[in-house]
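For reference, the chains in residue letters:
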Amino acid sequence: MNAIISLCHFCELHGPKVLFCTQPFHPEEKTVSAGDSETEGADGSIPSRRHVASSAEPMTPQTPTHNSLPNYKNDLCEGCTSVHLGFVSHDEEAAVSYMSSQRPQHRDVFAMVRQACIRSLSCEVCPGREGPIFFGDEQQGHAISYTFYIKDYQARGFQRLYSVIVVMMDKIYLLNSWPFLVSHIETVVEHLKSKASVVFENEKVKMPLRQYRLTSTSVNPKNFIQQRGGNVNKPARSLNELTDDKHVFKVLHTSFVWILKACGNRLSETLLEGPPTEDSIIDMEKQEETEEGFVKLFSKKLGIDDDLELGLDVLSNPGTNPGDNGTIDEVVEDDGSPEIIDIRHIYKLLGSRRFHVLAHHVVIGNQIILRGKGRTLIRTFQNALTWLLPKGCYRAVPYSDEYVESYRCNFLGLNPAVSIPSYVNTSEPFLLVDIYEPEDVHLESPDPFKGYIFKLSTFFDLDKVVAPSVLQKMEHAIVNDSLSIEVVDQCLICLKEEWMNKVKVMFKFTKAGGGRSEEDAKNLLKIVGATDDDKPLLSYWMRGLSDQYKKHILSASRQHVL
Amino acid sequence: MSHEVDDMKYGISFPGDFNYGPDIDGEGDTASTLPQHKPRILLMGLRRSGKSSIQKVVFHKVSPNETLFLESTNKMVKEDVTNCSFVVFQVWDLPGHLDYFDSAFDSEHIFGGCDALIFVIDSQDDYQDALAKLHFTVSRAYKINANIKFEVFIHKVDGLSDDHKIDSQRDIHQRATDDLVDAGLENLHLSFYLTSIYDHSIFEAFSKVVQKLIPQIPTLENLLDIFISNSGIEKAFLFDVVSKIYIATDSSPVDMQSYELCCDMIDVVLDISTIYGDDADFSFPPERLKEENAFNTDSCAVIKLNNGTVMYLRQVTKYLALVCILREDSFKRQGLIDYNFWCFRKGIKEVFELRKTNKQLTNGENLENGMGEPPQV
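Residues numbered from 1 in each chain as written. Chains lettered and ligands numbered in written order. Predicted model: local features only at pLDDT ≥ 70, side-chain atom pairs only at ≥ 80, totals over all residues. Heavy atoms only, no water.

1. Some words on the overall build of chain A
Part 1 of the argument: Counting its secondary structure elements, chain A contains 18 helices and 14 strands.
Part 2 of the argument: Looking at chain A as a whole, 49% of its 562 residues qualify as buried.
Part 3 of the argument: For chain A, the computed accessible surface area is about 27800 Å², with 54% contributed by carbon and sulfur atoms. (Helix = DSSP H or I, 4+ residues; strand = E, 2+ residues; numbered from the N terminus. Buried < 20%, exposed > 50% of the residue type's maximum accessible area, 1.4 Å probe, protein only. Areas by Shrake-Rupley, 256 points an atom, 1.4 Å probe, with all protein chains shown as cover.)

Written out as structure tokens, the structure is:
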């Protein structure tokens, strides 16, 4: 985390002072030391980490702006000094070094921290006097400040004011880290306070100063002077002394380093380009389910319309990343059969009429059964067809030795020996693609598909049915040779996303609030720019909506009804 | 006895509170140019010089002994002294540790809207540093706002012998003005006061500072002069009851002892009426409720001293009381005094109303008309 944590103190003599700072250094960044004049210009930059530690000391006595008080403007009392050299911790894994010293090395950083210190101790008012507040601006950086009192038996008012500040330029990051930072700074603060109050109680027993001040002749002016004089020599004790802990700054260093590191690990930023598409949300949902290390069974959390779909779609092994194009990965061993590269490839193999039939079946969700020997061929064939569908609609069994029902998968690869059961023949709308390999294999042929025959057969004729309008557009893009295949991909994604939005509207319409008439449905179709021909597609694609969205709509509509 | 004085309610965030409008660049009385402007008094000085103690003792009735247990002030403490109908002013207690001319602070804002600057010097300490700081502060503040009235409190003089007091006042006066002359700031005028929280000197000094901020002072003084001369009274003070600051007195010189006597009388009256007064009005903040309830416009007290003097207290408004010292034989004509007092109160009310309608007051003239002619019996 690119922040600097400091401990500040309102010194009895010198006012608000920065006591102790911890900040991370990345090895590549060159740190310019504070002020050329102060270090005689010799240490212009700090190349090595060891150097950082050793150069920390000489600049401690200087305070840049304090021209008001003539006699003690430059010296620092015990109360406002912490460490002479400082501490350095290396995080080898992340290649970050954390350095603690009295003051930050860089002049600008110091100016920022000093400003935040003054504001935290002498300007900003924290409700209840102790606790966290946030302040800052674009120039001076943003800060979370936690002010607290440490008991000191010899101090005015028996307590001294300290604060821990976290200064950062990134306001959003800082505010998002608020719960983490505040709770852990609190822990550090409580530690210091409890130590100091033990010391306080001990001193109180030894010397009942308050009684002495009140009952003795302290009102007597001469005595008053003496009492004051006694305090002047040592106006402020160091934090070491107050907590009776020689290693208090060492402990602070480790705490601060941990806070910086853990806070950095807590939030990582990702660049988001535009809102996520429905497909990427589905990917994320799948990923969530597998994160625990279980076998990736994606059962829908809400069994709304498909209760049967329980864990049957076993997608390869748990290690597979479902993110890359939603393809089934190369777990199925390659058997040497030729591969289909993309959707355009299929188009070329089948010709426009047959491709149209195939694509039509695909987009309205009829089962596509690929029967043939070449496993790789079938697998890549299936992958290529997924270009036409939203990810949520895509459920495939790459290769099987027996028929799998259509509610389990819409893409099925079959062994040529298997025949379709007769009950399926009559009841289910499916498209069977038989792939016949050529008898004589020409190994050296430039076209690996030479001799391959694709035969489409179905009992469910779509010839008379008008295809959904989106399919025409898709085909248009695929046919157009002047578009590169990447452009086609993007084009199909856009078309799919466009229609998914319509599907969302339809989903909301059908699920939210009952009692919609036929007339309403027609009007809605008109509004979203769809016709009756698109209905099968719309209703099928509803299955491709993300769980997140469905849940949201259902809960929202339920609330609405209530 | 609790020494933990909770002063949270006075703490105001430093950069906020900008609603007092632009600086006043007019001449003469700054307070009269902007009717809504609250005169601002800054308390400055080195650390431990007694700024917070002064504020606590004068405005919070903290016992002087208890101020030993105040912690050091770490931020500006702003306080509105609003419960006094005539002077509504602010007191800002500025910690001595900070350098207000540093870039971290908006010195234009702090000193630009300021009317009086009280610099507190600890007379029991070596005041060499304090003088340097005084010179630095005063000259810088003067550059920002030439209308500031600079007051120097030579504080904690309770520890000094009378001779020593005079010596140090002369010494401080000499050195401070020499420094200013050397710096070419002859026009900058410093006023010096010897103060201590253990007696009434701090109240008196603060009274004088406040009086300078009241534009109607000549009017009030005139009013009081007419009142006492017509009633056979020796000395009269117009007090802010809560703080025991006197807003005005007649033009005869103020004797410290009679001032103390009057303060003590207010204490006595307050104490008695807190016990026996009726508790009707709850519109005040709780911490002041006690005192407010004690007094109302009918409050009146007479104390006869064994040296033939009578002290007479009458409430003028909710916050103001008139305390008079007179010979016993003058007090025989109490009816006349009461009538004159009634006229006096009417005059004061007219001054208030004029102020409320934001009309410019031409000093003196309206007064005598408002006063009326007291009948001679």
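Read on, since the account is not over.
2. Concerning the environment of Ala467(A)
Part 1 of the argument: Along the chain, the position of Ala467(A) falls in the loop between strand 14 (453–457) and helix 14 (469–479).
Part 2 of the argument: Among all residues touching Ala467(A), those that are not within four sequence positions of it are His356(A), His360(A) and Asp533(A). (Contact = heavy atoms within 4.5 Å.)

3. A look at the pairing of strand 8 (residues 245–249) of chain B
Part 1 of the argument: Burial within strand 8 of chain B is extensive, with five of its five residues counted as buried.
Part 2 of the argument: A loop of four residues connects strand 7 (residues 235–240) of chain B with strand 8 of chain B, the two strands running antiparallel in sequence, and Lys244(B) in this loop sits at a positive phi of about 60°. (Pairing = 2+ DSSP bridges.)

4. As for the sheet that holds strand 1 (residues 3–11) of chain A
All names here are of chain A.
Part 1 of the argument: The seven strands are arranged 5-6-2-1-9-8-7 in an open sheet whose pairing can be described as antiparallel. Each edge of the open sheet is held by one strand with a lone partner, namely strand 5 (87–91) and strand 7 (131–137). The average angle at which neighbouring strand axes cross in this sheet is 20°, direction not considered.
Part 2 of the argument: Where strand 8 (residues 141–151) lies against strand 9 (residues 159–168), 10 bridges are found, and the strand directions are antiparallel. (Axes fitted to C-alpha atoms, helices over the stretch in contact; angles between N-to-C directions.)

5. Observations regarding the nonpolar core
Part 1 of the argument: Core analysis: the biggest nonpolar cluster contains 65 residues, and Phe153(B), Phe206(B), Leu322(B) and Phe344(B) have the highest contact counts within it.
Part 2 of the argument: Domain assignment of the residues forming this core places at least three in each of domain 1 (8–212) and domain 2 (217–371) of chain B.
Part 3 of the argument: Not counting residues up to four positions away in its chain, the partners in contact with Phe153(B) are Ile54(B), Ile118(B), Phe119(B), Val120(B), Ile121(B), Tyr193(B), Thr195(B), Ile202(B), Ala205(B), Phe206(B) and Val209(B).
Part 4 of the argument: With 60 residues, the next largest nonpolar core counts Leu377(A), Leu388(A), Val503(A) and Val528(A) among its residues. (Core = buried A, V, L, I, M, F, W, Y, C linked by side-chain atoms within 4.5 Å. Domains from an automatic or database assignment.)

6. Description of the packing of helix 4 (residues 178–206) of chain A against helix 8 (residues 248–266) of chain A
All names here are of chain A.
Part 1 of the argument: Put simply, helix 4 and helix 8 touch, their axes get as near as 10 Å, and they point 170° apart. Put simply, helix 4 runs roughly antiparallel to helix 8. Along the contact surface, helix 4 presents Phe180, Leu181, His184, Ile185, Val188, His191 and Leu192, while helix 8 presents Val248, Val251, Leu252, Ser255, Phe256, Trp258, Ile259, Ala262, Cys263 and Arg266. (Parallel < 35°, antiparallel > 145°, perpendicular 65-115°, else oblique.)

7. With respect to the confidence of the model for chain B
Residue and element names in this part refer to chain B.
Part 1 of the argument: Counting all residues, the mean pLDDT for chain B is 79, and 77% of those residues have values of 70 or more.
Part 2 of the argument: Every residue in residues 1–35 is under pLDDT 50, and counting partners more than four places away or in other chains gives 66 contacts.
Part 3 of the argument: Confidence over residues 280–289 falls short of pLDDT 50; this stretch has 13 contacts with residues more than four positions distant or in other chains. (pLDDT = per-residue confidence, 0-100.)

8. Some words on the packing of aromatic side chains
Part 1 of the argument: Here the structure, examined in full by the defined rule, presents 28 aromatic pairs over all chains.
Part 2 of the argument: Ring geometry for Tyr153(A) versus Phe200(A): centroids 5.4 Å apart, planes at 70°, classification edge-to-face. Highlighted residues: Tyr153(A) in the loop between strand 8 and strand 9 and Phe200(A) in helix 4, separated in sequence by 47 residues.
Part 3 of the argument: Using a relative accessible area of 3% as the deciding quantity, one classes Tyr153(A) as buried.
Part 4 of the argument: Taking the relative accessible area as the measure of exposure, Phe200(A) reaches 7% and is therefore buried.
Part 5 of the argument: One aromatic cluster is present, formed by Phe59(B), Phe89(B), Phe153(B), Tyr193(B) and Phe206(B) through successive ring pairs.
Part 6 of the argument: A cation over a ring is seen here: Lys235(B) above Phe237(B), with NZ or CZ 5.5 Å from the ring centre. (Phe/Tyr/Trp six-rings, centres within 6.5 Å; stacked < 30°, edge-to-face > 60°. Lys NZ or Arg CZ within 6 Å of the ring centre and 35° of its normal.)

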